[in-house]
Amino acid sequence: MSWLALPAIVAAAVGCGASGGSDPNRITVAGRDPQILIHHHSEIGMQALLTGKLVYISATKCLVVKNPDIVVPLWPEGTEPLLENGKRGARLPGNGPVLLEGTDVRISGGYVDRKPGLKLPKDCVADSAIFEVNPFTPVG
């Protein structure tokens, strides 16, 4: 079965914490291969935990988390896509940790709704769940 055919499991992050910031709907794409999605919130307090394996989808050139469903992470501003030792991945802001494809991950944040005004690139997201990575405690 194609990862695009997997059902969406998008859940609201109600009760996981308060969010705020400059523009909660601003999502940009960083990189070309791999592509990662970046959120531009300045304040966030979601503390849910996403565990799974970081996977690179060659058809879309996107990094996702498989747990067993496909979950698309919205990385905090300052996260950089990278290619290291033949593996694609992401470096978290500043001198943050490097996560490469094939790595088991534990990421803090929260699932988000596909609310009106939230513009996401269809290539990466399709029907997958969306998880916003907490910029203050991203990896636990």
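In what follows, the accompanying structure is described. A quick note: this is a predicted structure, and the numbers were derived from the prediction, not measured.

## Brief notes about the overall build of the protein chain
Argument step 1. When its secondary structure is counted, the protein chain shows one helix and twelve strands.
Argument step 2. Put simply, the protein chain runs from its N terminus to its C terminus through helices and strands in the order β-β-β-β-β-β-β-β-β-β-β-α-β.
Argument step 3. Looking at the protein chain as a whole, 43% of its 140 residues qualify as buried.
Argument step 4. Partitioning the intrachain contacts of the protein chain with sequence separation of at least 6 by distance along the chain shows that 62% fall at a separation of at least 24.

## What about the side chain of E101?
Argument step 1. Within the secondary structure, E101 sits in the loop between β10 (98–100) and β11 (104–111).
Argument step 2. Here E101 is buried and forms no salt bridge, its nearest opposite-charge partner R88 lying at an N-O distance of 4.3 Å.
Argument step 3. Among the polar contacts listed, one links the side chain of E101 to the backbone nitrogen of R88, at a separation of 2.7 Å.
Argument step 4. In this view, E101 contacts L54, Y56, G86, K87 and R88; residues no more than four positions away in its chain are not counted.

## Quick word on the pairing of strand β2 (residues 27–30)
Argument step 1. Two elements, β2 and strand β3 (residues 36–39), share four bridges in a ladder whose sense is antiparallel. Pairing of I27 across the sheet is with H39, part of β3.
Argument step 2. Where β2 hands over to β3, the hairpin turn is made up of five residues, of which G31 adopts a positive phi near 85 degrees.

## Digging into the nonpolar core
Argument step 1. Counting residues in hydrophobic clusters, the biggest one holds 19 residues, and the most contacted among them are W75 and I107.
Argument step 2. Of all the elements in the fold, those that place two or more residues in this core are β3, β5 (48–57), β6 (62–66), β7 (70–76), β11 and β12 (129–133).
Argument step 3. Core analysis: the second largest hydrophobic core is formed by 15 residues, L37, M46, C62 and L118 among them.

Conventions adopted
Residues numbered from 1 in each chain as written. Predicted model: local features only at pLDDT ≥ 70, side-chain atom pairs only at ≥ 80, totals over all residues. Heavy atoms only, no water. Helix = DSSP H or I, 4+ residues; strand = E, 2+ residues; numbered from the N terminus. Buried < 20%, exposed > 50% of the residue type's maximum accessible area, 1.4 Å probe, protein only. Contact = heavy atoms within 4.5 Å. Lys, Arg positive; Asp, Glu negative; His and termini not counted. Salt bridge = Lys/Arg side-chain N within 4 Å of Asp/Glu carboxyl O. Polar contact = N/O pair within 3.5 Å; in protein donor to acceptor, adjacent residues only side chain to side chain. Pairing = 2+ DSSP bridges. Core = buried A, V, L, I, M, F, W, Y, C linked by side-chain atoms within 4.5 Å.

Any functional reading would require information that these geometric values do not contain.
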